[in-house]
Amino acid sequence: MTIAPPRSTGAGRQAQAGRGTPAGRTRVGAYPWAMAAAISVAVCGAALSLNGVLRGWNWYWPAMTTVLVVALALAALRSVRAQPLLVTAGGFLALGGVLTLTFFRSSSFFWVVPTGATLPELDRLVQRASETVLAETAPVAPNAGIVMVVCAVLGLAVILVDALAVPLGMPAASGTGLLALLVVPAMIKPQSVGVGSFVATAAGYLLILAFSQWFAPEGRLQGGPARSPGLMRRAALTGALALAATLVLPLAIPGFDRGTFPQGSRLNPWGASTGLNPMITLGNSLRTPDGSGRITYATNSPAPLYLRSVTVDSFDGDSWGPDDRSASRVPLDGRIDPGYQVLTDEQVRLVTAIDAGTFTSPYLPVPYAPETVRGLGGQWTWDPATLAIKGSDSTTTRRQEYLVTSAVPKLSAALLAQSSAPARGIPDVFTRVPGNVPDIVKTTAQTVAGSAGTPYQKAMAIQKYLRSAAFTYSLQAPVQGGYDGNGLSVLADFLQQKSGYCIHYASAMAVMARLEGIPSRIAVGYAPGRLTGATITVAGQGSLPEYEADARDAHAWPELYFQGLGWVSFEPTPSRGVVPDYATEAAAPSVADPLGNNDGLIPDTAPAPAPTPTATAQAVPGAGGSASGEGVQLMPWLLGSAGVLGLLLLAAAPHLVRTGTRSRRLHPRHPDLAVPLAWSELRDLGTDYGMPAGDSETPRAFAARFRSTLLGEPDGMDKDAHQAVASLTSAFEHHRYGRPDTGASATAASQDIPGGLAAVEASLRANAPLPRRWAASWLPPSVTRRLGRLLRMPFSAAGSALNRLPRPGARSRPAPDAARGRAGRG
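Note that this is a predicted model, so its numbers are computed, not measured.

S.K.: How should the nonpolar core be read in this particular structure?
M.R.: One recurring pattern in soluble globular proteins is that nonpolar side chains are buried together. In this structure, Val-43, Trp-59, Phe-103, Leu-154, Val-158, Leu-181 and Ile-208 are the most contacted members of the largest nonpolar core, which totals 49 residues. Elements that contribute at least two residues to this core include exactly helix H2 (22-48), helix H3 (60-79), helix H4 (84-103), helix H5 (118-135), helix H6 (144-165) and helix H7 (175-188). Here the element with the most residues in this core is H6; it accounts for 13 residues. The residues touching Leu-154, leaving out its near neighbours within four places in the chain, are Val-43, Ala-47, Ala-63, Val-67 and Leu-181. Core analysis: the second largest hydrophobic core is formed by 34 residues, Phe-315, Tyr-456, Leu-491 and Tyr-582 among them.

This is the structure:
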């Protein structure tokens, strides 16, 4: 039997005529540009929330340019009716072009085409971005590397949201891409995403939903969230899974192999990583109210000690960072040599037994300056320039118990005042001053310490200024004021606002000391802790009192170099730590020592022994030396969120396409299309459950085979499904071969279809084995076969074109129809 072509009903003809009118063409033609505008509003609105994660607004303009270029490129390709895959590919090309134009113009071809020279620049910017993120808390300095990463993520978000909203026909699910952008500031900033950003993102999202319903090009986007509650539930589930993955993924992705804290984002399979992140990223540990990262130690010192983990000495103006000097590190298998001569008559030697407990870090906390370390497991090396001890490969401090002997000169104010000779034999890294030092920093250093005669007097003047009543200790002021970090711009803001925490004070003193010609660096570790009340027996020392320190005691302090004495600690942070006796105002001499012009430290008389500091630092509940959770590492969040969301959407793409197709078929815009669309849905259900319709099979034959093969007994629980298939078959035959239905009857028929097909699908799932049900839901053959045909189309077209080419030696002759046409016309 030959199947006649389907008849068009009156309503259908009116709909087709409406779409053929100029007004209809205007609406369809405006659709890509309207969606591009809506997506741009949504993504640019979400990008507003990154203010506070990135400092200032200079980064926003290249980010907005990237969003607009990618969105307009997608709209332009879609306006000329390019294939969906080509549109998406064009979006990636546009993203690559705008990133090349913005960041790699000098190494590109025609400013937009990357070349071989672009790859080293890309690697340099990515490395700089990772180092910036790992060396600062929010707001981070918006250098070229971090801005490039942000632009790339926003461009990918545009492509993702566009793919969900347009070709996949799932505009409601496009909110998952916007949610991924908002997760980062929501977790980092104290004020979350902000009202303005949330309103702009929500407005863009609502525009996406509205335009997808209003324009609906060629009837592809039918129905909506209000008429498809199942779609909304699935979209909410997808968003929840994406959010959960973005929270979990940073725990599992590998840590950076360089930067301030190489293992900062690596999963610790034996427990949470509670180590102290050097410099600014120690904020994650500092503000932990439960006192994680607890260390206990027993010492023969009459007072608790500073435990020093790492030295931060490299300063490029954007941020402080440690220089591990991997090439010059020495294995920890003998005595540690400080590398400089200490010209004092007396040194204080201490013995300290340390139990690192759950503290997990590649850097080993020890009192300064260590001479020997015994009892460690794993491989360790030490830096001759800083004496910082670091584990090799995967060696960390976790569960390490070790014994440290350390020695420092017995210092006094008089002894320090005599050390006025220029520092000799010190690497340039400890004296280097960046060229972009703000005027306020230079002026402050000159005003505070310029008139002092000796390095010690200069150091005391700087410490006195920073500990004066004009400055206040605050963990929140830098965050609220937008200067939480350690770069020069942050330092300028700190000196204006005069409120911050240990990182700001230590950085300010170190920079001003260098401006005054004093070598400086920053030590990161633990401030003196508290007595536990227990005693520990140490061989050769007897019973020693036990102290404890945890994340609440995490601290940073400056160390200044004095010729003949070595590195000397100061405490410029008010209300934190303990000011050494040699650095107190009472101990400082009022006039310069007459021996201050000696080239070496050779005192005429031995200085009186300095009393040992007895003050004990008290832990401030909920306080620490850095900002709060703003120190969450941004790079893993950005890359991890984009990566896991992309993988989830790629895996769920067939399911989303099938769901969108079913929703459009069950909720058509025109009632006269309900029956043929429902029949197409029934055929796809057969394909998904292993029984595709034959090309020449009649509707009745397919329905009979469908009922006998896939459904259960007609008199049992599957009775409704059998009746639904029979009714739909009859309605489709009537639609194709019978008289056109009236509008009322078509509407009534369309209202019965969704329930019937739901009963059919429930019966299919009940009678199919688990693998078949899983494949039909998440990898439906009706979708994968169409995708396969779509991918084969270009190759089939190319093969047909090759077949039409004249063969060598063959004589061309006109086609029969053409010959007859010419004969007829003749």
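S.K.: Help me out: how do you make sense of the sheet that holds strand S7 (residues 370-374) in this one?
M.R.: What links the strands of a sheet is backbone hydrogen bonding, and the strands pair in either a parallel or an antiparallel sense. Taking strand neighbours across the sheet as the criterion, the 6 strands line up as S7-S10-S6-S1-S15-S14 in an open arrangement whose pairing is antiparallel. Across the chains shown, the open sheet's two edge strands, defined by having one partner strand only, are S7 and strand S14 (530-538). Taken over all neighbouring pairs, the strand axes of this sheet differ in orientation by 30 degrees on average, direction set aside. In this sheet, strand S6 (residues 347-355) lies alongside strand S1 (residues 295-299) in antiparallel orientation, the contact comprising 4 bridges. Residue pairing for S6: Ala-298 is matched across the bridge by Ala-353.

S.K.: Would you take a moment to explain the side chain of Arg-78 for this structure?
M.R.: Mapping Arg-78 onto the fold places it in helix H3. Excluding its chain neighbours within four sequence positions, the residues that come into contact with Arg-78 are Pro-32, Val-87, Asp-162, Val-166 and Pro-167.

S.K.: What should I look at first to understand the packing of aromatic side chains in this one?
M.R.: For any pair of aromatic rings, the description consists of the separation of the ring centres together with the inter-plane angle of the planes. Under the definition given, this model contains 20 aromatic pairs. Between Tyr-297 and Tyr-547, the ring centres sit 5.5 Å apart and the planes meet at 20 degrees, which makes this aromatic pair stacked. Of the two residues, Tyr-297 is situated in strand S1 and Tyr-547 in strand S15 (residues 542-549); the sequence distance between them amounts to 250 residues. When its relative accessible area of 1% is taken as the criterion, Tyr-297 is described as buried. By relative accessible area, which is 6% here, Tyr-547 ends up buried. With 4.8 Å between their ring centres and 65 degrees between their planes, Tyr-306 and Trp-557 make a pair best called edge-to-face. Residue Tyr-306 is found in the loop between S1 and strand S2 (307-312), and its partner Trp-557 is found in strand S16 (residues 554-562); the two are separated by 251 residues along the sequence.

S.K.: I'm lost on the packing of helix H12 (residues 439-449) against helix H13 (residues 455-466) in this one. Help?
M.R.: Helix-helix packing: each pair is described by the crossing angle between the helix axes and the interaxial distance. Between H12 and H13, whose axes approach to 9 Å, the crossing angle comes to 115 degrees. Comparing their axes, H13 and H12 come out roughly perpendicular. Handedness of the H12/H13 crossing: right-handed. Facing H12, whose interface residues are Thr-444, Val-448 and Ala-449, H13 presents Lys-458, Ala-461, Ile-462 and Tyr-465. The class makeup of the residues in the contact of H12 with H13 is 5 nonpolar, 1 polar and 1 charged.

Calculation rules
Residues numbered from 1 in each chain as written. Predicted model: local features only at pLDDT ≥ 70, side-chain atom pairs only at ≥ 80, totals over all residues. Heavy atoms only, no water. Core = buried A, V, L, I, M, F, W, Y, C linked by side-chain atoms within 4.5 Å. Buried < 20%, exposed > 50% of the residue type's maximum accessible area, 1.4 Å probe, protein only. Helix = DSSP H or I, 4+ residues; strand = E, 2+ residues; numbered from the N terminus. Contact = heavy atoms within 4.5 Å. Pairing = 2+ DSSP bridges. Axes fitted to C-alpha atoms, helices over the stretch in contact; angles between N-to-C directions. Phe/Tyr/Trp six-rings, centres within 6.5 Å; stacked < 30°, edge-to-face > 60°. Parallel < 35°, antiparallel > 145°, perpendicular 65-115°, else oblique. Left-handed = near helix turned anticlockwise from the far one by under 90°. Nonpolar A, V, L, I, M, F, W, Y, C, P; charged D, E, K, R; others polar.

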